[in-house]
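Single-letter residue listing:
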Amino acid sequence: MHLRLIVPSDRSERVLDTLVADPRVTSIVRLPGAAHRPKGDVVECDVTREATSDVLAFLKSEGLYDDGAVAVSAVDAAPSRNAQAAEKAAPGAPDDAVIWDAVVDQAYNEAGGSWSYYVFLTLATMIASVAVITDSSILVVGAMVVGPEFGVVAALAVGLFLRKKGLTRRSLALLVKGFVIAIAITVVAALLARAVGWVDTADVTADRPLTGFIWRPDRWSAVVAVLAGCAGVLSQTAGRGNALVGVFISVTTVPAAGDLALSIALWAPHQIGGSAAQLGINLAGMTAAGVVTLMLQQMIWRSYLRVKRRSGARVEA
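The structure presented is a predicted model; accordingly, all values stated were derived computationally and were not measured.

Rules used in this analysis
- Residues numbered from 1 in each chain as written.
- Predicted model: local features only at pLDDT ≥ 70, side-chain atom pairs only at ≥ 80, totals over all residues.
- Heavy atoms only, no water.
- Helix = DSSP H or I, 4+ residues; strand = E, 2+ residues; numbered from the N terminus.
- Expected span 1.5 Å × (residues − 1).
- Buried < 20%, exposed > 50% of the residue type's maximum accessible area, 1.4 Å probe, protein only.
- Arc of directions from axis to C-beta.
- Pairing = 2+ DSSP bridges.
- Axes fitted to C-alpha atoms, helices over the stretch in contact; angles between N-to-C directions.
- Phe/Tyr/Trp six-rings, centres within 6.5 Å; stacked < 30°, edge-to-face > 60°.
- Contact = heavy atoms within 4.5 Å.
- Polar contact = N/O pair within 3.5 Å; in protein donor to acceptor, adjacent residues only side chain to side chain.
- Salt bridge = Lys/Arg side-chain N within 4 Å of Asp/Glu carboxyl O.

**Focus: helix α5 (residues 100–111)**
Since the α-helix turns once every 3.6 residues, residues separated by three or four places project in the same direction.
Next, step 1: Counted at 1.5 Å a residue, the expected span for α5 with its 12 residues is 16 Å, and the 16 Å between its end C-alpha atoms agrees.
Next, step 2: Considered for burial, the residues of α5 that qualify are Trp100, Val103, Val104, Ala107 and Ala111. Each buried residue of α5 sits inside an arc of 95° when the element is viewed along its axis, so together they form one side.
Next, step 3: Among the residues trailing α5, glycine 113 stands out with phi positive, at a value near 75°.

**Focus: the sheet that holds strand β1 (residues 2–7)**
Next, step 1: Strand order in the open sheet made by the 4 strands is β2-β3-β1-β4, with antiparallel pairing throughout. Strand pairing shows two members of the sheet lacking a second neighbour, β2 (25–36) and β4 (69–73), which therefore form its edges. Adjacent strand axes in the sheet meet at a mean angle of 15° when their direction is disregarded.
Next, step 2: Of the strand pairs in this sheet, β2 and strand β3 (residues 39–47) are connected by 7 bridges, and their pairing is antiparallel. Residue pairing in the sheet places alanine 35 in a bridge with glycine 40 of β3.

**What about the packing of aromatic side chains?**
Next, step 1: Within the structure shown, the criterion is met by 2 aromatic pairs.
Next, step 2: With centroids separated by 5.5 Å and ring planes inclined at 75°, the aromatic side chains of tyrosine 117 and tyrosine 118 adopt a geometry described as edge-to-face.
Next, step 3: On the accessibility criterion, tyrosine 117 (7% relative accessible area) is buried.

**Considerations on the environment of glutamine 297**
Next, step 1: With respect to the helices and strands, the residue glutamine 297 is situated in helix α14 (residues 269–310).
Next, step 2: Relative accessible area serves as the criterion here: at 11%, glutamine 297 is assigned to the buried category.
Next, step 3: Along the primary structure glutamine 297 and aspartate 96 are separated by 201 residues, whereas in three dimensions their C-alpha atoms are 7.7 Å apart.
Next, step 4: Beyond its immediate stretch of four places on either side in the chain, glutamine 297 contacts Val98, Val233, Leu234 and Thr237.
Next, step 5: A distance of 2.9 Å separates the side chain of glutamine 297 from the side chain of threonine 237, its partner in a polar contact.

**A few points about the pattern of salt bridges**
Next, step 1: Following the criterion strictly, the structure yields 7 salt bridges and no others.
Next, step 2: Aspartate 67 serves as the salt-bridge partner of arginine 11, at 3.0 Å between the closest nitrogen and oxygen. Of this pair, arginine 11 sits in helix α1 (residues 9–21) while aspartate 67 sits in helix α3 (residues 64–67), placing them 56 residues apart in sequence.
Next, step 3: When its relative accessible area of 14% is taken as the criterion, arginine 11 is described as buried.
Next, step 4: A salt bridge links arginine 14 to glutamate 62; the shortest N-O distance between them is 2.8 Å. Here arginine 14, found in helix α1, pairs with glutamate 62, found in the loop between α2 (49–61) and α3; they are 48 residues apart in sequence, far enough to count as distant.
Next, step 5: The exposure class assigned to arginine 14 is partly exposed, which follows from its relative accessible area of 42%.
Next, step 6: Exposure remark for glutamate 62: the relative accessible area of 15% places this residue in the buried category.
Next, step 7: Each of Asp10, Arg11 and Asp67 takes part in one network of salt bridges that share partners.

**Structural notes on unusual backbone geometry**
Next, step 1: With an omega of -5°, the peptide bond between arginine 37 and proline 38 qualifies as cis.
Next, step 2: Along the chain, proline 38 turns up in the loop between β2 and β3.
Next, step 3: The backbone of serine 27 sits at a positive phi, close to 55°, despite the residue not being glycine.
Next, step 4: Its location among the elements puts serine 27 in strand β2.
Next, step 5: Unlike most non-glycine residues, arginine 163 shows phi in positive territory, near 55°.
Next, step 6: Its relative accessible area of 77% is what places arginine 163 among the exposed residues.

The values reported here are purely geometric and, on their own, carry no functional implication.
Structure below.
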């Protein structure tokens, strides 16, 4: 991981000495007085992923989060001998380390909400409703991929696990508001389509061999939601964002929202409860699995570090 720091001049020497003394840190550069807002010295360095949380905790204790600045970014490749030596000095595997400050920052960003979030969720729900009408499994997958809701679910899990009430409230409110708006707009669109004769109740209530599962949740709905929640949170904390596409395709949140909207608009009451249950099961299962995954990651990593300390490995507190 690459750190770009703005360090107040009165703390620059102490911060620099600590970074230089840590074998898990390399490529250290200092530019005295180069920063103007906030004022201070610019310090850049590369840190092994396993040590990033330790280094950030030290920087926070030095007041850089309040009086300076800290920016963290991923290094795609570092083939130098210095980088390899730093990695050898850090215990564990990079993917096993969780950078908690980065996880929390990302969670707050996801829970912030934006017009694009509402637009993508609405478009995904409308695509899912078309998938229901045409009984198209391909469109179901497309709707799953377009849906942006998992980032907010992950933020909710982070808020619950770390007991951050503000983050939890914001994430939950954004999830509820997003789906209410997406379903409401899709209901209006379905009513318009019915008015011009494009759809009728039979399109929803007819046998749908490829999409009927959407409004008929079963035990496997909960199992898939839990597995997807574990995979999604793990991919985010381990820096494996490419795995999220698979998570999007595996959960039935957006398809359930699309089916629910159609069932309301075309009035198929026997499917409303099933679609709502499918949506609730997936959201609850992913959230609960996310909380458990974060808890296990923290427990396993701490246990691993304790073992390394006992064996004499160097780990900075």
